[in-house]
Amino acid sequence: MLAKASMNIYSDTSSLFSNASRHADAKNQQEAAAIADLLEVHKQGKISMLRSNLSRHELERTRSVKQKDALLRDFLLLVPVAKDEKVLGFDSIQTDPFGGFVTNPLVSDVQDEPLVERLMKELGLPKPDAQHLAQGISNKADVFLTRDEEHFIKQRLTIESQFKIKVRLPSELLSEI
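Let us look at the structure shown here. (Residues numbered from 1 in each chain as written. Predicted model: local features only at pLDDT ≥ 70, side-chain atom pairs only at ≥ 80, totals over all residues. Heavy atoms only, no water.)

### Structural notes on the nonpolar core
Thinking step 1. Counting residues in hydrophobic clusters, the biggest one holds 22 residues, and the most contacted among them are Leu119, Leu125, Leu133, Phe144, Phe152 and Ile159.
Thinking step 2. Listing elements by their share of this core, those giving two or more residues are helix H5 (113–123) and helix H6 (127–138).
Thinking step 3. No other element matches H5, which puts 4 residues into this core.
Thinking step 4. Apart from the residues lying within four places of it in its own chain, the contact partners of Ile159 are Leu123, Leu133, Phe152, Ile165 and Val167. (Core = buried A, V, L, I, M, F, W, Y, C linked by side-chain atoms within 4.5 Å. Buried < 20%, exposed > 50% of the residue type's maximum accessible area, 1.4 Å probe, protein only. Helix = DSSP H or I, 4+ residues; strand = E, 2+ residues; numbered from the N terminus. Contact = heavy atoms within 4.5 Å.)

This is how it looks when you write it as structure tokens:
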């Protein structure tokens, strides 16, 4: 029986290996190497690297088929968060006079919409970034893994003081574990 991973790490889309490795500069190559090492630790069961459908929706907009396929492979290596979608209700339509009907669930890809609004207002985060952070917080991740320095790393002290989550670059997290 495998021991439970000691650390849950929510990975945003920027921290997928193929997003970092496609850049030739030294900083991105360093982060790509750190992501590869973190994935090895994840495969050993020592940490749990998490993903949400938000990343899948983002990577599906990638124009290059080769890059999109690489990102999808990276995405599938990660563990789905427990609370990925929130059911908001159902839309039912009667389809015939004999009582047949179709019901479709109405879902949100974010667990806590008020938290998304708060993150956008207080931190000035774009909505997709606020949604990712809200998913990490809602799923009680220990670490929010990102390469987005402008929106997350520069504001990590504020985020960490308000929420029970650390914000780390892949290279920083690797040096801490």
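Next, the rest of the story.
### Side note on the pattern of salt bridges
Thinking step 1. Per the counting criterion, the structure on display carries 8 salt bridges.
Thinking step 2. Of the charged contacts in the structure, one is a salt bridge between Lys27 and Glu31, with a shortest N-O distance of 3.8 Å. Here the residue Lys27 and the residue Glu31 both occupy positions in helix H2 (residues 26–43), the gap between them amounting to 4 residues, near one helical turn.
Thinking step 3. Lys27 sits in the partly exposed class, given a relative accessible area of 38%.
Thinking step 4. Taking the shortest distance from any N to any O, the salt bridge between Glu60 and Arg56 comes out at 3.2 Å.
Thinking step 5. With a relative accessible area of 40%, Glu60 lands in the partly exposed category. (Salt bridge = Lys/Arg side-chain N within 4 Å of Asp/Glu carboxyl O.)

### Here we look at unusual backbone geometry
Thinking step 1. One non-glycine residue, Lys140, lies in the positive phi region at around 55°.
Thinking step 2. Inspection of the secondary structure puts Lys140 in the loop between H6 and strand S6 (143–145).

### Some points on the sheet that holds strand S3 (residues 79–80)
Thinking step 1. Spatially, the 5 strands line up as an open sheet ordered S3-S2-S1-S6-S7, and their pairing is parallel. At either end of the open sheet lies a strand with only one pairing partner, and these are S3 and strand S7 (166–168).
Thinking step 2. Pairing geometry for S6 and S7, over 3 bridges, is parallel. Bridge pairing in S7 places Leu145 opposite Arg168. (Pairing = 2+ DSSP bridges.)

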